[in-house]
Amino acid sequence: DAGITQSPRYKITETGRQVTLMCHQTWSHSYMFWYRQDLGHGLRLIYYSAAADITDKGEVPDGYVVSRSKTENFPLTLESATRSQTSVYFCATGAREDTQYFGPGTRLTVL
Amino acid sequence: SQQGEEDPQALSIQEGENATMNCSYKTSINNLQWYRQNSGRGLVHLILIRSNEREKHSGRLRVTLDTSKKSSSLLITASRAADTASYFCATDASTTGGFKTIFGAGTRLFVKA
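Worth saying up front: this structure is predicted, and the values here are computed from it rather than measured.

Parameters at a glance
- Residues numbered from 1 in each chain as written.
- Chains lettered and ligands numbered in written order.
- Predicted model: local features only at pLDDT ≥ 70, side-chain atom pairs only at ≥ 80, totals over all residues.
- Heavy atoms only, no water.
- Core = buried A, V, L, I, M, F, W, Y, C linked by side-chain atoms within 4.5 Å.
- Buried < 20%, exposed > 50% of the residue type's maximum accessible area, 1.4 Å probe, protein only.
- Helix = DSSP H or I, 4+ residues; strand = E, 2+ residues; numbered from the N terminus.
- Contact = heavy atoms within 4.5 Å.
- Disulfide = S-S within 2.5 Å.

Asker: What is the right way to read the nonpolar core from this model?
Answerer: In summary, soluble globular proteins display a tendency toward joint burial of nonpolar side chains. If you look at the biggest cluster of nonpolar residues, it comprises 21 residues, and the most contacted ones within it are L32, W34, L74, I76, Y87 and L109 of chain B. Those elements that provide at least two residues to this core are β3 (19-24), β4 (31-37), β5 (43-50), β7 (61-66), β8 (71-76), β9 (85-95) and β11 (107-112) of chain B. Among residues more than four places away in sequence, those in contact with Y87 of chain B are E6, M21, Y35, R36, L46, L74, I76, G106, T107 and L109 of chain B. By size, the runner-up hydrophobic cluster in this structure holds 18 residues, among which are C23, I46, Y47 and C91 of chain A.

Structure representation (structure tokens):
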């Protein structure tokens, strides 16, 4: 009964490398979200998905790619990581315009 | 720019006192939510208030919403050291073809025992 999980929890990578952050939920919620959290900015929405094969951009989508082939998974890929993408990434799931349930976060450092 | 802006950015109080945090936003919303985040953890949902509601209670929490002023407040009564955390407001608004949730920068609350 894990609910929502993220992996890895910590990741260090180098500039220019591709990185994929995983998010998995066991509730079958239709909506899933990716946020990044930086000091002084709170959480900013990167991408969200209303259902399998339906995704849409959030506030800061540049440099990120998402996919949702299955309802329970919502991976986030940094195609060519940059130092400005060093952040804590949170995945969330929930219903439309309702409570969101957050994962524990992935702390990503880009050197 | 962010939809939700919290005020104050940081708040330090004694255990037993009340804590009030405010959130302002810029455009029409469908609902507003408050979340809590303990250091190094994910966010935990506290309360949701819909645009047609003015006040909501949950335990020691009281949330108000004034859509005419585009503002909300979160009151924590009889605070405890365990309430020490960051508190975020989040607004849900309709967009073309969907909706978006936008978080404010948060208020850091420190409750001294």
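Asker: Teacher, can you tell me more about the state of the cysteines here?
Answerer: Working definition: the covalent bond between the sulfur atoms of two cysteines is a disulfide. Scanning all chains against the criterion turns up two disulfides over all chains. Covalent S-S linkage joins C23 of chain A and C91 of chain A, the inter-sulfur distance amounting to 1.9 Å. On the sign convention where negative means left-handed, the S-S torsion of about -75 degrees between C23 of chain A and C91 of chain A marks this disulfide as left-handed. In this pair, C23 of chain A is assigned in strand β3 (residues 19-25) and C91 of chain A in strand β9 (residues 87-94), connecting sequence segments 68 residues apart. The pair formed by C23 of chain A and C91 of chain A is uniform in burial state, with each residue classed as buried. Between the sulfur of C23 of chain B and that of C89 of chain B lies a disulfide, 2.0 Å long from S to S. Between C23 of chain B and C89 of chain B, the S-S dihedral sits near 65 degrees, and the bridge is therefore right-handed. A residue pair is termed long-range when its members are at least 10 positions apart, and C23 of chain B in strand β3 and C89 of chain B in strand β9 qualify at 66 residues. Accessibility expressed as a relative area gives 2% for C23 of chain B, which makes it buried.

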